Amino acid sequence: MTTPLAPYLPLAVVLLLAGVLAMIIPQVTSRLGPKRPSSTKSSPFEAGSESSGPARQRFAVKFYVIALLFIVFDVEAVFLYPWAVNFQALGWFGYTEMLVFASTLVVGLIYVWKKGALDWES
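Remember, predicted model here, so these are calculated numbers, not experimental data.

Peer 1: When you look at the overall build of the protein chain in this model, what are you seeing that I'm missing?
Peer 2: Looking only at helices and strands, the protein chain features four helices and two strands. Ordered by position from N to C terminus, the α and β elements of the protein chain give α-α-β-β-α-α. Relative to its length of 122 residues, the protein chain is extended, with a C-alpha radius of gyration of 25 Å against a globular reference of 14 Å. Oriented by its inertia axes, the alpha-carbon framework of the protein chain measures out at about 70 × 65 × 20 Å. Relative to its 122 residues, the protein chain shows a buried fraction of 6%. Long-range pairs, those at least 24 residues apart, make up 57% of the contacts in the protein chain between residues at least 6 apart in sequence. Roughly 11300 Å² of accessible area belongs to the protein chain as shown, and the carbon and sulfur atoms make up 71% of that amount. Once the 9 positive and 7 negative side-chain charges of the protein chain are each reduced to a mean point, those two points are 16 Å apart.

Peer 1: Looking at this structure, how should I read the confidence of the model for the protein chain?
Peer 2: Detailed reading of predicted coordinates is not advised where the pLDDT is low. Mean pLDDT over the protein chain works out to 85, with 94% of the residues at or above the 70 mark. Within the protein chain, the lowest mean pLDDT, 68, falls on strand S1 (residues 45–46), and the highest, 96, falls on helix H1 (residues 9–32).

Peer 1: I would appreciate a short explanation of a nonpolar patch on the surface in the present structure.
Peer 2: Together, Leu 16, Val 20, Met 23, Ile 24, Val 28 and Leu 32 line one region of the surface with nonpolar side chains, adding up to about 610 Å² of accessible area. Checked against the element boundaries, Val 28 lands in helix H1.

Peer 1: Explain the packing of aromatic side chains to me, please; I cannot follow it from the model alone.
Peer 2: Describing an aromatic ring pair means giving the distance of the ring centres and the angle of the ring planes. Applying the stated criterion to the full structure yields four aromatic pairs. Ring geometry for Phe 79 against Phe 101: centres 6.3 Å apart, planes inclined by 90 degrees, an arrangement best described as edge-to-face. Residue Phe 79 is found in helix H3 (residues 61–85), and its partner Phe 101 is found in helix H4 (residues 87–115); the two are separated by 22 residues along the sequence. Note on Phe 101: relative accessible area 23%, which makes it partly exposed.

Peer 1: How should I be thinking about the environment of Leu 5 in this particular structure?
Peer 2: With respect to the helices and strands, the residue Leu 5 is situated in the segment before H1. Distance from Leu 5 to Ser 43, taken between C-alpha atoms, is 51 Å for residues 38 residues apart in sequence.

Peer 1: Just checking my understanding: could you explain the UniProt feature "transmembrane region" (unreviewed entry) in the protein chain for this structure?
Peer 2: Mapped onto this numbering, the UniProt entry annotates "transmembrane region" (unreviewed entry) at residues 6–26, 63–84 and 90–113. Helix and strand shares over residues 90–113 are 100% and 0% respectively, and the end C-alpha atoms of the span are 32 Å apart.

Definitions and cut-offs
- Residues numbered from 1 in each chain as written.
- Predicted model: local features only at pLDDT ≥ 70, side-chain atom pairs only at ≥ 80, totals over all residues.
- Heavy atoms only, no water.
- Helix = DSSP H or I, 4+ residues; strand = E, 2+ residues; numbered from the N terminus.
- Rg over C-alpha atoms; globule rule 2.2 N^0.38 Å.
- Buried < 20%, exposed > 50% of the residue type's maximum accessible area, 1.4 Å probe, protein only.
- Contact = heavy atoms within 4.5 Å.
- Areas by Shrake-Rupley, 256 points an atom, 1.4 Å probe, with all protein chains shown as cover.
- Lys, Arg positive; Asp, Glu negative; His and termini not counted.
- Charge placed at Lys NZ, Arg CZ, Asp CG, Glu CD.
- pLDDT = per-residue confidence, 0-100.
- Patch = residues over 30% accessible without salt bridge, like charges linked within 9 Å, V, L, I, M, F, W, Y side chains within 5 Å.
- Salt bridge = Lys/Arg side-chain N within 4 Å of Asp/Glu carboxyl O.
- Phe/Tyr/Trp six-rings, centres within 6.5 Å; stacked < 30°, edge-to-face > 60°.
- UniProt positions renumbered as here; feature names shortened; annotations may be inferred.

Right, here's the structure in full:
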């Protein structure tokens, strides 16, 4: 006799295995890995260059605005994919809904552009 949860058994096994490996692998690497610390290995290093200046420097608000705009338009672009896949099944209703969605994006982009949020050097 099978239970309603029987199809989820393989998923449970994979999740359990992932959890066990997530605990075991850091332990094994910390015990077996090389332990020769040096000042060169301990120095902060990023993108192939030496770090300069303090770690807690101020960024312009414009940097965060551009980052938020990127995330918003990136997430909204993700919504276009399911619509494109089901384009024929959605018919004219889906087309008009996506037209409203895309026009909202265009109006938002024009607004941000007019406000100067996309001008990096100003």
